[in-house]
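Report on the structure
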Amino acid sequence: MIRNTILTQICSLLICVNISANTAFTGMRNITSMQVTADMGPGINLCNTLDAYPNETSWGNPLATLALITSWKQKGFKTLRIPVTWKDHLGAAPDYIIDPTWLARVETVLNYAFANDMYVCLDTHHEDWIQPTYANQAAGSDKLVKVWTQIANRFKGYGDYLIFETMNEPRAYGSPEEWTGGSAEHRDVVNAFNLAAVNAIRNTGGNNATRHIMIPTCGDNPSIATLNALVDRKSVV
């Protein structure tokens, strides 16, 4: 009876180890963002899945599975970028509470990658409420802080194989400068949004105090002018 109990406890422990994954809770290594970038190797995007809206399968892709992510790792990919659209899973202002079922689903998919010893990049995607204009700066910053605080708190125990990306292609939707790097106003507000998100992440403490964070230019535009307008380039992975 005692031996059976011990074996049961050992099996339970092994199951917990498998669930918690391999690169999920590795702590924070004392390495630079450039060293992390070099180690990330080939990456792949889990597109049109968790970023589909209103739900994961709305755009025709099946639910993400461990088998799918494992197959990508076997093909040589070391990094998985997981775009996530949060807007259809938020409660009302002023708290914008993320649906706990959705947050748990995002964590499950992250752990598929960590179980394969991969890096993970997690972002906010297709968030059309992130309009980089002076008129929207205060409201947008407030909502971005509320959203990122919840995400960061959920994942602050994860190690530095998890990388946060504050926004994807933040831009003034429908403006003439939407895909050309924005106006001076748009670039200025993108800097403000990035700062708000980074500070929200840092303020949650734990591993987030030193986590590597990706910040975008306006519209993710790669022009020299747009890159030069980006503030705090040291935060870019």
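Predicted model, so just to flag it, every value in this text is computed and none were measured.

Turning to the overall build of the protein chain, a few remarks are in order. A count of helices and strands for the protein chain gives seven helices and five strands. Secondary structure of the protein chain in N-to-C order comes out as α-α-β-α-β-α-β-α-β-α-β-α. Per-residue burial for the protein chain yields a buried fraction of 46% across its 237 residues. Summing over all exposed atoms, the protein chain offers an accessible surface of approximately 11400 Å²; the carbon and sulfur share of this is 59%.

So, about the packing of aromatic side chains. A complete count under the given rule lists six aromatic pairs for this structure. Here a set of aromatic residues connected by ring pairs shows up, and it is made of Phe25, Phe114, Phe155 and Tyr158. Sitting above the plane of the Tyr53 ring, Lys87 keeps its charged end 4.1 Å from the centroid. For the cation-ring pair, Arg211 lies above Phe164, with the distance from its terminal atom to the ring centre recorded as 5.1 Å.

For the rest of this paragraph, the subject is the sheet that holds strand β4 (residues 162–165). Pairing is parallel in the open sheet, where five strands are placed in the order β1-β2-β3-β4-β5. Two strands in the sheet have a free side with no partner beyond their single neighbour: β1 (43–45) and β5 (213–214). Note: strand β3 (residues 119–123) against β4, four bridges, orientation parallel. When the bridges of β4 are listed, Cys121 appears paired with Ile163. Contacts from helix α2 (residues 33–40) reach β2 (79–82), β3 and β4, with the element oriented near 115° to β3.

By secondary structure assignment, the location of Ser33 is in helix α2. Polar side-chain contacts of Ser33 include one of 2.8 Å to the side chain of His212.

Membership of the largest hydrophobic core comes to 53 residues, with the highest contact counts inside it found for Trp86, Leu122 and Phe155. Of all the secondary-structure elements, those providing two or more residues to this core are α2, α3 (66–74), β2, α4 (100–114), β3, α5 (137–155), β4 and α6 (184–203). Looking at which element gives the most residues to this core, the answer is α4, with eight residues.

This part covers the pairing of β2. Burial along β2 is two-sided: Thr79 and Arg81 and Leu80 and Ile82, pointing in opposite directions, are all buried. Sheet topology note: the β1/β2 ladder contains three bridges and is parallel. Residue pairing across strands places Asn45 opposite Arg81, the latter belonging to β2. Considered for its hand, the β-α-β crossover made up of β1, α3 and β2 is right-handed. With four bridges connecting them, β2 and β3 associate as parallel partners. The residue bridging Ile82 from the neighbouring strand is Leu122, located in β3. Once you follow β2 into α4 and on to β3, the crossover reads as right-handed.

For the pair α5 and α6, interaxial distance at closest approach is 8 Å and the crossing angle is 30°. Considering their axes alone, α5 and α6 lie roughly parallel with respect to each other. Seen along the crossing, α5 lies across α6 with a hand that is right-handed. Side by side, α5 and α6 meet where Gln137, Gly140, Ser141, Leu144, Val145, Trp148, Thr149 and Ala152 of the first sit next to Val189, Ala192, Phe193, Ala196, Ala197, Ala200 and Ile201 of the second. Considering only residue class, the contact of α5 with α6 consists of eleven nonpolar, four polar and no charged.

What counts, and where the lines are drawn
Residues numbered from 1 in each chain as written. Predicted model: local features only at pLDDT ≥ 70, side-chain atom pairs only at ≥ 80, totals over all residues. Heavy atoms only, no water. Helix = DSSP H or I, 4+ residues; strand = E, 2+ residues; numbered from the N terminus. Buried < 20%, exposed > 50% of the residue type's maximum accessible area, 1.4 Å probe, protein only. Areas by Shrake-Rupley, 256 points an atom, 1.4 Å probe, with all protein chains shown as cover. Phe/Tyr/Trp six-rings, centres within 6.5 Å; stacked < 30°, edge-to-face > 60°. Lys NZ or Arg CZ within 6 Å of the ring centre and 35° of its normal. Pairing = 2+ DSSP bridges. Contact = heavy atoms within 4.5 Å. Axes fitted to C-alpha atoms, helices over the stretch in contact; angles between N-to-C directions. Polar contact = N/O pair within 3.5 Å; in protein donor to acceptor, adjacent residues only side chain to side chain. Core = buried A, V, L, I, M, F, W, Y, C linked by side-chain atoms within 4.5 Å. Right-handed = clockwise from strand over helix to strand, strands pointing away. Parallel < 35°, antiparallel > 145°, perpendicular 65-115°, else oblique. Left-handed = near helix turned anticlockwise from the far one by under 90°. Nonpolar A, V, L, I, M, F, W, Y, C, P; charged D, E, K, R; others polar.

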